[in-house]
Amino acid sequence: MSHLTLDDHRIEVIIGNLLRSGVLLAASVVLLGAVIYLARHAIEPADFHTFRGEAAALRTLPAIVKGVAHFHGKSIIQFGLLLLIATPIARVVFSVVGFAIEHDYLYVVITLIVLAVLLYSLVGSGVA
Amino acid sequence: MTILSFTVLIALGSFLAGFLGALTGLGGGVVVVPLLALAFGVDIRYAIGASLVSVIATSSGAAAAYVREGYSNIRIGMFLEIATTIGAIVGAMIATHVTTNAIGIVFGLVLLYSAVLSGRPQPNVPVDDSPDRLATALKLNGTYPVANSLRAYTVHRVPLGFSLMFGAGTLSGLLGIGSGALKVIAMDQAMRIPFKVSTTTSNFMIGVTAAASAGIYLSRGYIDPGIAMPVMLGVLAGSLLGARVLVKARTKWLRLVFSAVIVVLGLEMIYNGFSGKL
């Protein structure tokens, strides 16, 4: 049992570091988008009082990627936010691998259920 | 107000929220939504979308630090995430069907509850070695470091804890917050998991739970890059700094002040909700 917790811990440390890198990468992309967005729109009046819902170009992954290719500031920010949303999902994927390495098949199944719920949410909502 | 000054002000406010949230352990998300909705007049749906994104950033960003301490229990976290992620989807669905004023009232009540909770002393988990059959079958029992050794703990009332987690997930999806306070209640009060294990495992779960509703918010157009950008960067920077100084700071009076702020914000959210201003 003791070597099992140690393995758990080692896998967790690796995953923790990967997550931090993911967050820093996402934050850098958001910052880059912010610079482009502010350079173009800084002196325009801000209006976030009324809810309009974002334009279709900022709602789904294919549309966002298209905007990134055109260096649209808002699209780059949104892409960075998608990277951020992906970090906890990556954590779940890595955990499936970690439990499989430990031959803990009960938890491979439990983790796959969590992953299925996450993918259902992303695909079902039409983002990915 | 121009977009530049709006962005800078929101980034500063979010930085402060993230900083105080990390210092007091109450999380930055709970004050970001009222800050945006009440002080800046941002539509509450945009505020919730931005807060949800910042919650993921702080949870994933702090994971490495928490893991190093060796308290978090990945099996408890993963098992309970089945409940929180399904709850989060349900919460996000509800959010798109109820009025913003109703969301504001529920938000205010959760704020008041969080403040009351933070005022109570950390409960001591009684030593009890009778293992729960379901907890044993799910391999939820574990150990945590004390001084130079490891102390074993057993987990109890798994179905109750699982149900409470579904509720915590629903609130997280509905309000765009981590609802860490509720997750800790489920683990520490219902399942009698040691406090340190509850808090660190809860942090681990918050990001995954928020990711389950983030997709729905994004596709419904609730995540505005112009608002989410300063909120995410501000809260992330603030919480990273807060975690650094946490060791040195005397947090007792700070918790009191922050709790008072939360009570005021909670009452104002409820008032504005009932008077139809949100």
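Residues numbered from 1 in each chain as written. Chains lettered and ligands numbered in written order. Predicted model: local features only at pLDDT ≥ 70, side-chain atom pairs only at ≥ 80, totals over all residues.

Some points on the interface of chain B and chain A
Point 1. Taken together, the 52 residues of chain B in the interface contact 55 residues of chain A.
Point 2. Where the side of chain B that touches chain A is concerned, the elements lending two or more residues are α1 (3–24), α3 (44–69), α4 (74–95), α9 (195–219) and α10 (225–245) of chain B.
Point 3. Here the side of chain B that touches chain A gets 11 residues from one element, more than from any other, and that element is α3(B).
Point 4. Per-class residue counts for the side of chain B that touches chain A are 32 nonpolar, 13 polar and 7 charged. (Contact = placed C-beta atoms within 7 Å. Helix = DSSP H or I, 4+ residues; strand = E, 2+ residues; numbered from the N terminus. Nonpolar A, V, L, I, M, F, W, Y, C, P; charged D, E, K, R; others polar.)

So, the environment of B:Val8
Residues and elements named next belong to chain B.
Point 1. Tracing the chain through its elements places Val-8 in helix α1.
Point 2. Here Val-8 falls in the partly exposed class, since 15 other C-beta atoms lie within 10 Å of it.
Point 3. Distance in space between the C-alpha atoms of Val-8 and Arg-68 is 34 Å, their sequence separation being 60 residues. (Buried ≥ 20, exposed ≤ 12 C-beta atoms within 10 Å, placed from the backbone.)

Quick look at the packing of helix α7 (residues 158–175) of chain B against helix α8 (residues 180–190) of chain B
Residue and element names in this part refer to chain B.
Point 1. Axis separation between α7 and α8 bottoms out at 8 Å; the angle between their running directions is 170 degrees. Put simply, α7 runs roughly antiparallel to α8. From α7, Leu-160, Gly-161, Leu-164, Met-165, Ala-168 and Leu-171 reach across to α8, where they touch Leu-182, Lys-183, Ile-185, Ala-186, Met-187 and Ala-190. (Axes fitted to C-alpha atoms, helices over the stretch in contact; angles between N-to-C directions. Parallel < 35°, antiparallel > 145°, perpendicular 65-115°, else oblique.)

Some remarks on the pairing of strand β2 (residues 149–153) of chain B
All names here are of chain B.
Point 1. In terms of residue burial, β2 counts as a barely covered element, since only 0 of its 5 residues are buried.
Point 2. Sheet topology note: the strand β1 (residues 142–146)/β2 ladder contains 5 bridges and is antiparallel. From the neighbouring strand, Val-146 faces β2, where its bridge partner is Ser-149.
Point 3. Counting the residues in the hairpin turn of β1 and β2 gives 2 residues, including Ala-147, whose phi is positive at 45 degrees. (Pairing = 2+ DSSP bridges.)

Remember that the coordinates give geometry; whether it matters functionally is a separate question.
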